[in-house]
Amino acid sequence: MPTPEQPVPFSTVLRTASSEEHEAAEQSSFMSHLLGGRLGIDAYADLTGQLWFVYRALEGRAAELADHPVAGPFIDRALLRTAAIERDLEHLRGPGWREGLEPLPATAAYVARVAELAAEWPAGYVAHHYTRYLGDLSGGQIIRGIAEKTWGFERKGDGVRFYVFEEIDNPAAFKRDYRAKLDAAGLALDDIERRRVVEECKRAFVLNGAIFRDLDGRYPLSA
């Protein structure tokens, strides 16, 4: 049990404080229908396209943040997803996959927030980094397995490469190290900054959920 000399690890604070928002995003109608096999591959391709915008925002300024005292430790080339998403999109949408691909309003809002944080408040950027990448290494693997089974993708092949971290040999150990970095970041921040990061983590899940709601509007179940 934590004592006054041993505060609750910041990774635990983030997980527990954002659990309600996290659950709401995970249980969105769109994701429930998609993973339940009630939507077609077009909906999966659309989700992948929206994620491309998100990860371009997350990774577009990563190199600039590499030396930042708070955000820097989280910048790791092994996590980069943009190239993998682009390979998936070429498989899903063809060589002209960029044509007609536009961010949904919720995606545009999410991208704008990430870009703002990367430029002005890197500690807040970490909240989004944590929300996305640790999720990809955890629940994302369940999504990969369902997608492979539902749409016949080759195991860890084109169509699901976004969820395949080829440079991470031991995901469990990587996630432990990542949480240790979060704990160290928490110790480096004052109480006000920690609370701000917690609120930003909640906001990250809300922004993810908003994308799912926009997608749900595109794919209403009529049968």
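All of the points below concern the structure found in this document. Here the structure is a predicted model, which means the values were calculated and not measured.

### What to know about the overall build of the protein chain
- Along the backbone of the protein chain there are 11 helices and 0 strands.
- The order of α-helices and β-strands along the protein chain, N terminus first, is α-α-α-α-α-α-α-α-α-α-α.
- Against the compact-globule benchmark of 17 Å for 223 residues, the protein chain has a radius of gyration of 18 Å, which places it among compact chains.
- Once the C-alpha set of the protein chain is aligned to its principal axes, its extents read approximately 55 × 35 × 30 Å.
- Looking at the protein chain as a whole, 48% of its 223 residues qualify as buried.
- Pairs at least 24 apart in sequence give 79% of the contacts found in the protein chain among residues at least 6 apart.

### Overview of the environment of Arg213
- Here Arg213 is to be found in helix 11 (residues 191–218).
- Sequence separation of Arg213 and Ala106 is 107 residues, and the distance between their C-alpha atoms is 8.5 Å.

### Topic: the packing of helix 8 (residues 122–137) against helix 9 (residues 139–151)
- Running from N to C, helix 8 and helix 9 cross one another at 50 degrees; their axes reach a closest spacing of 3 Å. In terms of orientation, helix 8 and helix 9 fall into the oblique class. Seen from helix 8, the contacting residues are Gly135, Asp136 and Leu137; seen from helix 9, they are Gly139, Gly140 and Gln141.
- Within the contact of helix 8 with helix 9, the residues separate by chemical class into 1 nonpolar, 4 polar and 1 charged.

What counts and how
- Residues numbered from 1 in each chain as written.
- Predicted model: local features only at pLDDT ≥ 70, side-chain atom pairs only at ≥ 80, totals over all residues.
- Heavy atoms only, no water.
- Helix = DSSP H or I, 4+ residues; strand = E, 2+ residues; numbered from the N terminus.
- Rg over C-alpha atoms; globule rule 2.2 N^0.38 Å.
- Buried < 20%, exposed > 50% of the residue type's maximum accessible area, 1.4 Å probe, protein only.
- Contact = heavy atoms within 4.5 Å.
- Axes fitted to C-alpha atoms, helices over the stretch in contact; angles between N-to-C directions.
- Parallel < 35°, antiparallel > 145°, perpendicular 65-115°, else oblique.
- Nonpolar A, V, L, I, M, F, W, Y, C, P; charged D, E, K, R; others polar.

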